[in-house]
Amino acid sequence: MRIRALVAVVGLLLTAVTVDALAVTQVKSMRLWRAPDNTRLVFDLSGPVQHSVFTLTAPDRLVIDINGATLGAPLNVSTSNTPITSVRSAQRTPTDLRVVVDLKKAVSPKSFTLAPNAQYGNRLVVDLYDQEADAIAASNPTPPPTPQPPATTPAVPVTPAQPAIKLPPPPSGKRDIVVAIDAGHGGEDPGASGSRGQHEKDIVLQIAKELQRQINTEKGYRAELTRTGDYFIPLRKRTEIARKKGADLFVSIHADAAPSKAAFGASVFALSDRGATSETARWLADTENRSDLIGGAGNVSLDDKDRMLAGVLLDLSMTATLSSSLNVGQKVLGNMGRVTPLHKQRVEQAGFMVLKSPDIPSILVETGFISNANEAAKLATRGHQQALARSIHTGVRQFFQQNPPPGTYIAWLRDSGKIAQGPREHTVRPGETLAMIAVRYQVSVAALRSSNSLKSDELKVGQHLDIPTTALASQ
Ligand SMILES: [Zn+2]
């Protein structure tokens, strides 16, 4: 009796083990995101897998072996605007899945797996980096010391020209002030979501693009976006892009959610290494820093040299940078307070990863709470987005007029006494026309229209107008 029972138990155990071994992971779906220099494939999995990735040529293919997995659903994605022509799959063994990605041209693959988080289960991420982009990036920093005579130029295939940067030479070679605008989240990291399905990543990209447009209308300034479309960028990569673009200021734009649906209002944050200045600040920093868990930071790492340098720079310049960040943050906050309610009257501080540039003043702007139905609706409107962008722009301008980086056009304007003096915004009084205001501040009507996003020249009494910076007309 007793022995028979034992045999039965052992039998059961064996059955359980066998079933477990056969319970392979399912590949449930594949998603695709296109970034300027890479294509990201994300495989959603029912559990962990082992994997390997390699490339084949003639024709170019990428092979992804996913071991311990079967296909749960067809891998359907749109591959337009990507180097991918098609995606095929086959079971190599009953538990080993092979995915073959047919390519128009060779790519450099990087792959990693991600553990489950609040939004997603296990994932396998394969980033396909464009090879031309690598070549351009590598040849970017310095031109060759001596120009090659045309005769010796090898007959290489024509590579696509680098994107033309609109950069009119400023007088006496004075450079533009560069503002890096960082639209939070993107791609498979939607950020906060509103009750009507609004995604933070979409709203903040719209605001970031509007802010870029406004800043670029102003002489002496150039705005660069860290993200120009719907794709994921790891947090550290965002500051890296800003540094490569030569940013004098980093502005990260967000629209967040809070556990309390009643929370509302805009806030501006600077970095704190000591701890958050408020409960909300800490909560938001934790939420924002989670982005890398969602999108994966597996493809970015500082090498040892960078790490050491970062440590040294941090000690040397963090204090100065932080005081600039607080200064510009307070100016932005003050201007935002005229177009939207504020969550806090002062710049808050918390350990936001994206603000950890030791050498670039950096702020994070929460434009409002998307979890608040009222604010979510406002944030989605063009008019409110423009007003928010304008208020951020005004704060940035005020900061740089007082603190222009040496060697810039704005510094030159200030030092040569040519910067337009007086208030930089105007409240419309009865009887005033746009033309009168333009004359008064010695700017063009077109510049006034543009920096205030005016659709018509009709003004309302009491309306606030931004006055763009210009050099006084040279006599
Ligand atoms: Zn966010």
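Report on the accompanying structure. Please read all numbers here as calculations on a predicted model, not as lab measurements. (Residues numbered from 1 in each chain as written. Predicted model: local features only at pLDDT ≥ 70, side-chain atom pairs only at ≥ 80, totals over all residues. Heavy atoms only, no water.)

1. Section: the nonpolar core
Now for step 1: Ranked by size, the top nonpolar core spans 43 residues in total, and within it Val179, Ile181, Val332, Met336 and Ile392 carry the most contacts.
Now for step 2: Ranked by the residues each element gives to this core, the list is headed by helix α3 (residues 200-216), at 7 residues.
Now for step 3: Those residues in contact with valine 332 that sit more than four places away from it in its chain are Val268, Ile363, Val365, Ser391, Ile392, Gly395 and Val396. (Core = buried A, V, L, I, M, F, W, Y, C linked by side-chain atoms within 4.5 Å. Buried < 20%, exposed > 50% of the residue type's maximum accessible area, 1.4 Å probe, protein only. Helix = DSSP H or I, 4+ residues; strand = E, 2+ residues; numbered from the N terminus. Contact = heavy atoms within 4.5 Å.)

2. Observations concerning the sheet that holds strand β7 (residues 96-103)
Now for step 1: Taken together, 4 strands build an open sheet; the order of strands is β3-β4-β7-β6 and the sheet is antiparallel. The open sheet is flanked by β3 (50-56) and β6 (84-93), the only strands paired with a single partner. Neighbouring strand axes in the sheet, compared pairwise and without regard to direction, differ in orientation by 15 degrees on average.
Now for step 2: Inspection of the sheet shows strand β4 (residues 61-67) paired to β7 by 7 bridges, in the antiparallel sense. Pairing of asparagine 67 across the sheet is with aspartate 96, part of β7. (Pairing = 2+ DSSP bridges. Axes fitted to C-alpha atoms, helices over the stretch in contact; angles between N-to-C directions.)

3. Details of empty space enclosed by the protein
Now for step 1: With the rule as written, the count across this model stands at 2 cavities of 30 Å³ or more.
Now for step 2: Here the largest cavity defines a volume of roughly 70 Å³.
Now for step 3: In this structure, the largest cavity is lined by Asp182, Gly184, His185, Leu235, Arg238, Ser252, His254, Glu288, Asn289, Ser291, Val354 and Leu364.
Now for step 4: Elements with a contribution of two residues or more to the lining of the largest cavity: α4 (235-244), β12 (249-256) and α5 (279-289). (1 Å grid on protein atoms, 1.4 Å probe; cavity = no way out; pocket = protein on both sides within 12 Å on 5 of 7 lines; lining within 4 Å. Points joined across faces, edges and corners; volume = space filled by probe spheres on them.)

4. Describing α5
Now for step 1: Of the positions making up α5, those classed as buried are Ala281, Leu284, Ala285 and Glu288. Along α5, the residues classed as buried sweep out an arc of 100 degrees about the axis, all on the same side. (Arc of directions from axis to C-beta.)

5. Topic: unusual backbone geometry
Now for step 1: Following alanine 58, the chain continues to proline 59 via a peptide bond in cis, the omega torsion being -5 degrees.
Now for step 2: Mapping proline 59 onto the fold places it in the loop between β3 and β4.
Now for step 3: Despite not being glycine, alanine 58 shows a phi value in the positive range, around 45 degrees.
Now for step 4: Position of alanine 58 relative to the elements: it lies in the loop between β3 and β4.
Now for step 5: Positive phi values are uncommon outside glycine, yet serine 453 reaches one of about 50 degrees.
Now for step 6: On the basis of relative accessible area, serine 453 is assigned to the buried category, the value being 16%.

6. As for the sheet that holds strand β14 (residues 348-350)
Now for step 1: Strand order in the open sheet made by the 6 strands is β11-β10-β12-β15-β13-β14, with mixed pairing throughout. Since the sheet does not close on itself, it has two edges, and those belong to β11 (221-225) and β14, each with one partner. Along the sheet, successive strands turn relative to each other by an average axial angle of 30 degrees, direction set aside.
Now for step 2: Of the pairings in the sheet, the one linking strand β13 (residues 267-271) to β14 comprises 3 bridges and is parallel in character. By the bridge assignment for β14, leucine 271 is matched with alanine 350.
Now for step 3: Lying over the sheet, α5 contacts β12, β13, β14 and β15 (362-369), oriented at roughly 50 degrees with respect to β14.
Now for step 4: Here helix α9 (residues 382-402) sits on the sheet in contact with β10 (177-183), β11, β12 and β15, set at roughly 155 degrees to β12.

Spatial relationships are all this shows, so hold off on functional conclusions.
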